[in-house]
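Below are the chains, spelled out letter by letter.
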Amino acid sequence: YDCRTRQEDMVNAARRLVDQDKVCAVIGPSGSGLVISASSVFNRGKVPHLGTLPTNPLVTMDEKGNVRPYNFRICFLDPYQGKMLAVFSAKELGKKRAAVLYDVASDYSQGLREFFIENFKEYGGEIVADEGHREQDVDFRAQLTVIKEANPDVLCIPTMGKCLPLAVKQARELGIDVPIVGGDGYGDFMWEIVGDAMENTYWVSHVDRYDPTLEDFFNKYEETTGTECMEFMNAVMAYDCLYWLKDAIERAGTDDPVKVRDALEATKDLKLLHATLTMDEFHNPKDKDGIILKADIEKQKAVFLMKIRP
């Protein structure tokens, strides 16, 4: 079902899957807010949910710190991702004055912002500007003007969707030429909007698009669909979620949702396409490496720069 990135549609889709279709598990979508909105449906119905890229801590834990029994994820979390951005900006780039432009209505964006700010300060940095926008915005010049006047030496844009390339493009047009860092909202689609202004930008990723071990996957994707895989992180995560679920059903010896949940929880050293997966006690991957991608103007792609584990 298509939830159209709307929470009410996500909840309705979850109810249909659990109450009418009687599925044994659900995979996707990627948005934290969407998954959080439907978590009560999955837990009430005792149907496990596997998140592809929902990185907010509340996806698998409630506000009181209790684990949501039927919610799992294959990606690392916003605190981890925010800390990676802070470590990379402060330690690898050597920056001291950061500005942030974030989506005030997005759980994902707010989470990255919070943990970037917290950790950047711990590494001796200063937040000189902290500006918000909304998802439907297309003009960020007012916020970016405030940011430019604050004279940062790095700009963090922890958002996704069409907002991200527009914000990067407008920042460069206003003369903000400092490094720009962002989370896993990056996609190759951004080059069509931003072009060479992508230079000096860096992005956290769960996978390296040009990792040789993924080449066969992307070739088969193009053969099957007739198009290049632009949303490569989601594609790889969804693929691996399917094989994670397959493994759990086989270990459970049944597709009974409760027993599948138990098997998902007990996952250990499962070799998947992009990583080896072990679940921790909070239903999150344990000790996964993050990747920093760097925009390459000549190749018009973001290429592998380094692995990072804070």
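Residues numbered from 1 in each chain as written. Predicted model: local features only at pLDDT ≥ 70, side-chain atom pairs only at ≥ 80, totals over all residues. Heavy atoms only, no water.

Caption draft 1: Representation of the pairing of strand β8 (residues 201–205) in the model. A large share of β8 lies buried, amounting to five of its five residues. The alternating pattern of β8 places Thr201, Trp203 and Ser205 and Tyr202 and Val204 on opposite faces, both of which are buried. Pairing analysis gives three bridges linking strand β7 (residues 180–182) to β8, with the strands arranged parallel. By the bridge assignment, Ile180 is partnered in β8 with Thr201. In the sheet, β8 pairs with strand β11 (residues 290–296) via four bridges, with the strands oriented antiparallel. Across the sheet, the residue bridging to Ser205 is Ile291, located in β11. (Buried < 20%, exposed > 50% of the residue type's maximum accessible area, 1.4 Å probe, protein only. Helix = DSSP H or I, 4+ residues; strand = E, 2+ residues; numbered from the N terminus. Pairing = 2+ DSSP bridges.)

Caption draft 2: Highlighting the nonpolar core. If you look at the biggest cluster of nonpolar residues, it comprises 56 residues, and the most contacted ones within it are Leu155, Tyr186, Met198 and Trp244. When residues of this core are traced back to their parent elements, those giving at least two are β4 (97–103), α5 (141–149), α6 (163–173), α7 (190–194), α8 (215–225), α9 (232–252), α10 (257–265) and β11. The element best represented in this core is α9, accounting for nine residues. Apart from the residues lying within four places of it in its own chain, the contact partners of Leu155 are Ala99, Val100, Leu101, Leu144, Ile147, Ala171, Ile176, Val178, Pro179, Ile180 and Val181. In terms of nonpolar packing, the next biggest core, distinct from the first, is built from 23 residues, Tyr102, Val181, Ile292 and Ile308 among them. (Core = buried A, V, L, I, M, F, W, Y, C linked by side-chain atoms within 4.5 Å. Contact = heavy atoms within 4.5 Å.)

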